[in-house]
Amino acid sequence: MKIIVQKFGGTAVATTENRKNAAKKIINCKKSGFWPVVVVSAIGREGAPYATDTLFNFAKEVNSDIELRELDLIMSCGETISSVIMANTLKDLGYQAIALTGGQAGIYTDHSYGNAEVIDVNPKRILKSLKEGKIPVVAGFQGIADDGDLTTLGRGGSDFTAAILAEALNAHSIEIYTDVDGIMTADPRLVPNAKVLKTISYEEVFQIADQGAKVIYSKAVEIAKRCGIPVLIKNAANDLPGTLITSYSSKDKKKIIEDPNVVITGITYILDRTQISVENIDDIDDNLLHRFAKNNISLDVINIFPSKLVFTVDGPMTSKAEHILDESKYNYKTIKNCSKISAVGSRMKGVPGVIARIYSALKKSGIEILQTADSHTTISCIVRNQDTVKAVIALHDEFELWKR
Ligand code: ADP
Ligand code: MG
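Residues numbered from 1 in each chain as written. Chains lettered and ligands numbered in written order. Predicted model: local features only at pLDDT ≥ 70, side-chain atom pairs only at ≥ 80, totals over all residues. Heavy atoms only, no water.

Draft legend 1. Here's a closer look at the sheet that holds strand β10 (residues 199-201). Within the open sheet, the 8 strands sit side by side as β3-β6-β2-β1-β9-β11-β12-β10. Their pairing is mixed. Two strands bound the open sheet, and with one partner strand each, they are β3 (97-100) and β10. Put simply, the sheet's adjacent strands are angled 20 degrees from each other on average, direction ignored. In terms of strand pairing, strand β11 (residues 231-235) meets strand β12 (residues 243-246) through 3 bridges, oriented antiparallel. Each residue of the ladder has a partner; that of Ile-233, found in β12, is Thr-243. (Pairing = 2+ DSSP bridges. Helix = DSSP H or I, 4+ residues; strand = E, 2+ residues; numbered from the N terminus. Axes fitted to C-alpha atoms, helices over the stretch in contact; angles between N-to-C directions.)

This is the structure we're talking about:
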């Protein structure tokens, strides 16, 4: 049984026409001899009546302190509705289908409401449905805890659902249908001449996703990589080939060494970071770092100097972080409204001059770099939010990514 897990994002199921297009892709998959297992996100983007954000805002309006357990219950409704609507779109076209919640599809989680961890997947109901000739349409983003509570899987949850089901079903491949033509050299909303990448390695797309590109969730890539399942990212609205995520061949590696621009694959950004510099410290109190961790404040772009500590936090965490520093009477400086711009490329290690080119390109565009960080696949710069678009375009141009 060659299963393909097909995931349709919010826009891909937003209108009757879009759902018909989605149904065509599912039916074509079946006609070409594969067994489609469908995963859907909630219908539409923020503002749409059953979109996840709409349900979240509605619940918070009624009770700003709503229990997380109940918040998950309402938030999971968007995907449940979407699965019923999509299953019935297929039925309307003459195909047998069955809508399943995450729990019915066998996705078991812990009780970390809002960001639940999947602890087991048992796809027996999906397999039974397939054997009965029905196309399973699974509500993404949700699971069930051992006491029957509904849980949600956090940001990018439907991509994650697709990946864990693909792993449990030993699927042939995963197809992610979204509103762009594939993984691009930068977010096309910011960079009009961004290009679609025909192929990309798991490692690179993981970094691209982890550093802000919403197009696929990094944890979903991680799972696909660990079980070696190829992932295709495609536009739900057309028949273009999209991007294939897989392991790089040695031919690709050779090409990378020969072309100095190929060291960079894409430019990403994360908005709303706050930079905090703690000054005049002789010794960083271990406790300080532990207290950030205990309060679930994750620190990023951390530079530790003998008498100084600089890091960034997610914007909404700023006051919590400041409170901790105030309590311990640290001297610090905060720069709010920053963004993190990253140049991602799996083979930049050992290639000289990459950081120099980044520095010059940003400087030439009049952008002040507040901080940098690098790993063997990523160079990141903290800049002010207002410089985000200029910075992404400057780096995209510097590495001639529009030529891809
Ligand atoms: P879906 O609802 O289908 O899951 P998302 O909004 O989560 O869609 O992801 C698709 C969006 O990701 C695109 O509309 C695009 O603006 C954004 N995006 C950001 N960076 C990239 C990139 N490098 N390549 C493609 N899309 C990107
Ligand atoms: Mg998404």
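Draft legend 2. Here's a closer look at the packing of helix α2 (residues 52-62) against helix α3 (residues 68-75). Between α2 and α3, whose axes approach to 9 Å, the crossing angle comes to 140 degrees. With respect to α3, the axis of α2 lies oblique. As α2 runs across α3, the sense of the crossing is right-handed. Counted together, Thr-52, Leu-55, Phe-56, Ala-59 and Lys-60 of α2 and Leu-71, Ile-74 and Met-75 of α3 form the full contact between these two elements. Class assignment for the residues of the contact of α2 with α3 results in 6 nonpolar, 1 polar and 1 charged. (Parallel < 35°, antiparallel > 145°, perpendicular 65-115°, else oblique. Left-handed = near helix turned anticlockwise from the far one by under 90°. Contact = heavy atoms within 4.5 Å. Nonpolar A, V, L, I, M, F, W, Y, C, P; charged D, E, K, R; others polar.)

Draft legend 3. Representation of the pairing of β12 within the structure. Only one face of β12 is buried: it carries Thr-243 and Ile-245, and the other face, with Leu-244 and Thr-246, is open. Where β10 meets β12, 3 bridges bridge the pair, whose relative direction is parallel. Paired with Ser-201 across the strands is Thr-246, a residue of β12. (Buried < 20%, exposed > 50% of the residue type's maximum accessible area, 1.4 Å probe, protein only.)

Draft legend 4. Summary view of the site of ligand 1. Taken together, 17 residues lie around ligand 1, and Arg-45, Thr-178, Asp-179, Asp-187 and Arg-189 are the ones closest in. Within the contact set of ligand 1, an oxygen atom lies 3.1 Å away from a side-chain nitrogen or oxygen of Lys-7. Asp-179 places a polar side-chain atom, nitrogen or oxygen, 2.8 Å from an oxygen atom of ligand 1. Protein chains shield 91% of the accessible area of ligand 1, which is 570 Å² for the free molecule. Among the residues forming the shell around ligand 1, the class breakdown is 7 nonpolar, 4 polar and 6 charged. (Near = heavy atom within 4 Å. Polar contact = N/O pair within 3.5 Å; in protein donor to acceptor, adjacent residues only side chain to side chain. Areas by Shrake-Rupley, 256 points an atom, 1.4 Å probe, with all protein chains shown as cover.)

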